[in-house]
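Survey of secondary and tertiary structure
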Amino acid sequence: GAGGGCQLPAEWRPLSEGCRAELAAIIVYARVLALHPDTYGAYNYLPWQRGPPAGPQQGAGGLFYSAEIELLCDQAWGSMLEVPAGSRLNLTGLGYFSCHSHTVMQGYAYFFFLRMDENYILLPHGVNFQEAIFPDTQENRRMFASLFQFSNCSQAQHMLSFSSDWEIQEDNRLMCSSVQKALFEEEDRVKKLQQKVATLEKRNKQLRDRVKKVKRSLRQARKNTRHMEQINRKLSEKLSSAGGQIPFINSLKQENSHATYLKV
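The text that follows walks through the structure, step by step, so that each part is easy to find. This structure is a prediction, so every number in the text was calculated from the model and none was measured.

1. As for unusual backbone geometry
Look at Asn128: it is not a glycine, yet its phi comes out positive at around 60°. Mapped onto the secondary structure, Asn128 falls in the loop between strand E6 (122-124) and strand E7 (133-135). The exposure class assigned to Asn128 is buried, which follows from its relative accessible area of 17%. In this structure, Phe129 is a non-glycine residue whose phi angle is positive, near 60°. Examined against the element boundaries, Phe129 turns out to sit in the loop between E6 and E7.

2. A few points about the pattern of salt bridges
Enumeration over the complete set of coordinates arrives at three salt bridges. We note a salt bridge from Glu68 to Arg88, for which the minimum N-O separation is 3.8 Å. With Glu68 in strand E2 (residues 64-71) and Arg88 in strand E3 (residues 88-96), this residue pair connects regions lying 20 residues apart in the sequence. According to the relative accessible area criterion, Arg88 is exposed, its value standing at 55%. Between Lys205 and Asp209 there is a salt bridge, with the nearest N and O atoms lying 3.4 Å from each other. One end of the pair is Lys205 and the other is Asp209, both in helix H4 (residues 176-243) and four residues apart, which spans about a single turn. We classify Asp209 as partly exposed; its relative accessible area is 28%.

3. Brief notes about the nonpolar core
Judged by nonpolar contacts, the single largest core of 34 residues is most densely connected at Val104, Phe112 and Phe113. Among the elements of the structure, strand E1 (26-37), E2, E3, strand E5 (109-116) and E7 are those that each provide at least two residues to this core. Each residue touching Phe112, except ones within four places of it in the same chain, is listed here: Ile26, Ile27, Val28, Ala30, Val32, Ile69, Leu91, Val104, Ala132 and Ile133.

4. Let's talk about the packing of aromatic side chains
As enumerated under the stated definition, the model contains seven aromatic pairs in all. Taken together, a centroid distance of 4.6 Å and an interplanar angle of 25° make the contact between Tyr29 and Phe111 stacked. With Tyr29 in strand E1 and Phe111 in strand E5, the pair connects residues that are 82 residues apart, well separated along the chain. Neither Tyr29 nor Phe111 differs from the other in exposure class; each is buried. Following the ring pairs from residue to residue traces out a cluster consisting of Tyr29, Phe111, Phe113, Phe134 and Phe144.

Calculation notes
- Residues numbered from 1 in each chain as written.
- Predicted model: local features only at pLDDT ≥ 70, side-chain atom pairs only at ≥ 80, totals over all residues.
- Heavy atoms only, no water.
- Helix = DSSP H or I, 4+ residues; strand = E, 2+ residues; numbered from the N terminus.
- Buried < 20%, exposed > 50% of the residue type's maximum accessible area, 1.4 Å probe, protein only.
- Salt bridge = Lys/Arg side-chain N within 4 Å of Asp/Glu carboxyl O.
- Core = buried A, V, L, I, M, F, W, Y, C linked by side-chain atoms within 4.5 Å.
- Contact = heavy atoms within 4.5 Å.
- Phe/Tyr/Trp six-rings, centres within 6.5 Å; stacked < 30°, edge-to-face > 60°.

The following block contains the structure:
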């Protein structure tokens, strides 16, 4: 059933939040104002559900919902969403799915990794198949404040301002996406080399098997040759031993034939 949809790609590797933040399309810091139940849709479904029902998904039991969120700061530095603090947005694709969950609670603030589809619908962006929503904790504030330049935050959110060494951190920090790409390319190269080695080993085994068959056939041919030589030698000995008796046999034939002639 549903377990088949939980398989990760063979080359999957876990990524840190910092690396994944660099790959996220949109990052916002927002408070959840309200939750609304969602019906069956392109982003809200269970894998065992056969086709979209006429009304709300049967058996879903309120598993899926959307949220109205209010931005507490401007977008994160590098995000693709250009909206100011105080803007209200609708976020769908939330709820309890078979292999992951994107859940929030009304009245709480979160850091969101988001993406926008072709219809301009905002959805959680689970970069690298990992978490896309982070609760408003001191640890997460420090992490995201040191990675992204949130600006124009409300007075209550002044703790998101950057430390004085932010520029130094930014200058010294390698882009995780580039490093990750290089690692994937190296792993792909190693994988291809392993496949080539496996192919060569298979061919080598086939050649060894062929050589074994040729050697086995050669041994059998030599054995058959020796056997035929023995048979020929024995036959020659028998012919040699029987060669001295041939005149005696001929004389007997002549006598018998003469005797028969006289009787007639």
